[in-house]
Amino acid sequence: MDYSEWRFDGESPIYIQLYHYLRCSILSGCMKPGEPLPSVRWLASLLHFNANTVARAYNPTSKDGLVEMSRGKAGRVTSNSTLIHAERQRAVKNLCSELLETIKSLGFSKEEILVLIEEATKT
C-alpha cells in the first residue's frame, strides 16, 4: 500500500481523515486480514504528521475491532474476516441511508429514486 498517495484537506481534523483512510483501506481489502500496520512513527514521518496524530487515528480503528493493538507490538488488521465483512456491510448500508434521505429531501419519490439508480448503474 502506498500511504504517500493519501491526500488530506483542511475540512476536518487530520486524525479523523487518517482514520477514514485506514478504515476504508481495511474494508475495501487494500489492507488484508492479519496485515501489520505501519508503525506510528514511520507513518507519521512519511506523512509529515505528529506521531500523536497517527496514534489518535489508530485508536478508533482498534475500538471498531478492525485493528488489533497490543502494547509493544505493531498493530495488525484483524484476522476476523467475518467482522470486516459485517463492518463493510454496515458502512454501505449507512451510506445508502444517508444518500436516500438526501434524495428524498429533494422531493424525489421512491419510484423516481429507483429509476435514477437504474440509470446510474448502466454507465
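Before going into details, it helps to say that this report is about the structure given with it. All values derive from a computational prediction rather than experimental measurement.

### Details of the environment of Val54
With respect to the secondary-structure elements, Val54 resides in helix α3 (residues 51–63). Relative accessible area serves as the criterion here: at 0%, Val54 is assigned to the buried category. A C-alpha to C-alpha distance of 21 Å links Val54 and Ile84, two positions 30 residues apart in sequence. Contact partners of Val54, with chain neighbours within four places excluded, come to Leu18, Val40, Leu43, Ala44 and Phe49.

### Observations regarding helix α4 (residues 81–105)
An ideal rise of 1.5 Å per residue puts 36 Å on 25 residues; α4 measures up with 36 Å between its terminal C-alpha atoms. Every buried residue of α4 is listed here: Ile84, Glu87 and Ile103. Residue Gly107 follows α4 closely and has a positive phi angle near 95°.

### Quick word on the packing of helix α2 (residues 40–47) against α3
When two helices pack together, their arrangement is given by the angle between the helix axes and the distance between those axes. With their axes 8 Å apart at the nearest point, α2 and α3 run at an angle of 120° to one another. Classified by the angle between their axes, α2 and α3 sit oblique to one another. You can see that α2 and α3 cross each other, and the crossing is right-handed. Two secondary-structure elements touch here, α2 through Val40, Leu43 and Ala44 and α3 through Ala51, Val54, Ala55 and Tyr58. In the contact of α2 with α3, the residues fall into seven nonpolar, no polar and no charged.

Rules and cut-offs
- Residues numbered from 1 in each chain as written.
- Predicted model: local features only at pLDDT ≥ 70, side-chain atom pairs only at ≥ 80, totals over all residues.
- Heavy atoms only, no water.
- Helix = DSSP H or I, 4+ residues; strand = E, 2+ residues; numbered from the N terminus.
- Buried < 20%, exposed > 50% of the residue type's maximum accessible area, 1.4 Å probe, protein only.
- Contact = heavy atoms within 4.5 Å.
- Expected span 1.5 Å × (residues − 1).
- Axes fitted to C-alpha atoms, helices over the stretch in contact; angles between N-to-C directions.
- Parallel < 35°, antiparallel > 145°, perpendicular 65-115°, else oblique.
- Left-handed = near helix turned anticlockwise from the far one by under 90°.
- Nonpolar A, V, L, I, M, F, W, Y, C, P; charged D, E, K, R; others polar.

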